[in-house]
Amino acid sequence: MTWLPYPKVDAQYCEWNNLVLTARPNGAWSVHDTTRKIEPRTSILSGVMGDPKTWTLEAAKQKAEEAAQEMLSAGC
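Residues numbered from 1 in each chain as written. Predicted model: local features only at pLDDT ≥ 70, side-chain atom pairs only at ≥ 80, totals over all residues. Heavy atoms only, no water.

### Details of the pattern of salt bridges
Side chains that carry opposite charge are capable of pairing whenever their charged atoms lie near each other.
For step 1, the next point in the chain: Enumeration according to the criterion identifies two salt bridges in this entry.
For step 2, the next point in the chain: Measuring nitrogen to oxygen at the nearest pair gives 2.7 Å for the salt bridge that ties Glu-70 to Arg-41. Remark: Arg-41 occurs in strand β5 (residues 41–42) and Glu-70 occurs in helix α2 (residues 57–75); sequence separation between them is 29 residues.
For step 3, the next point in the chain: Classification of Glu-70 as partly exposed rests on a relative accessible area of 46%.
For step 4, the next point in the chain: The class of Arg-41 is partly exposed, set by a relative accessible area of 27%.
For step 5, the next point in the chain: The partner of Glu-58 in a salt bridge is Lys-61, and the shortest N-O contact between them spans 3.2 Å. In this pair, Glu-58 and Lys-61 are both assigned in helix α2, three residues apart and thus about one turn of the helix distant. (Salt bridge = Lys/Arg side-chain N within 4 Å of Asp/Glu carboxyl O. Helix = DSSP H or I, 4+ residues; strand = E, 2+ residues; numbered from the N terminus. Buried < 20%, exposed > 50% of the residue type's maximum accessible area, 1.4 Å probe, protein only.)

Have a look at this one:
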């Protein structure tokens, strides 16, 4: 997946199939379906767990990609 920086926000996004994935440097992430057929997922729903030192942009990207794959698998 190709991640790109948002122009005015400290975050990155990726478009994959009909999904938009967002990742922030603090570890927060979200995945939204542009067709609105699949419920969105966010890090808010998964709770904060683990060591805060592991809350990074790369970790957020990985979690968003995992959620996106689960969303597409469940939507089939």
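That shown, we press on.
### Looking at the nonpolar core
The nonpolar side chains of a soluble globular protein tend to be buried, and buried together.
For step 1, the next point in the chain: The biggest cluster of nonpolar side chains holds 13 residues, and the ones touching the most others in it are Trp-3, Leu-19, Leu-21, Trp-29, Val-31 and Ala-64.
For step 2, the next point in the chain: Of all the secondary-structure elements, those providing two or more residues to this core are β3 (19–23), β4 (29–33) and α2.
For step 3, the next point in the chain: Considering each element in turn, this core owes the most residues, six residues, to α2.
For step 4, the next point in the chain: Aside from chain neighbours lying at most four places away, what touches Ala-64 is Trp-3, Leu-21, Thr-22, Trp-29, Ser-30 and Val-31. (Core = buried A, V, L, I, M, F, W, Y, C linked by side-chain atoms within 4.5 Å. Contact = heavy atoms within 4.5 Å.)

### Concerning the sheet that holds strand β2 (residues 12–16)
Adjacent strands of a sheet form backbone hydrogen bonds with each other and so pair up, either parallel or antiparallel.
For step 1, the next point in the chain: Reading across from one edge, β1-β2-β3-β4-β5 is the order of the five strands in this open sheet, with antiparallel pairing throughout. Looking at which strands have only one partner, the edges of the open sheet turn out to be β1 (4–5) and β5.
For step 2, the next point in the chain: Relative to β3, β2 runs antiparallel, the two being bridged by five bridges. Its bridge partner being in β3, Trp-16 is matched across the sheet by Leu-19. (Pairing = 2+ DSSP bridges.)

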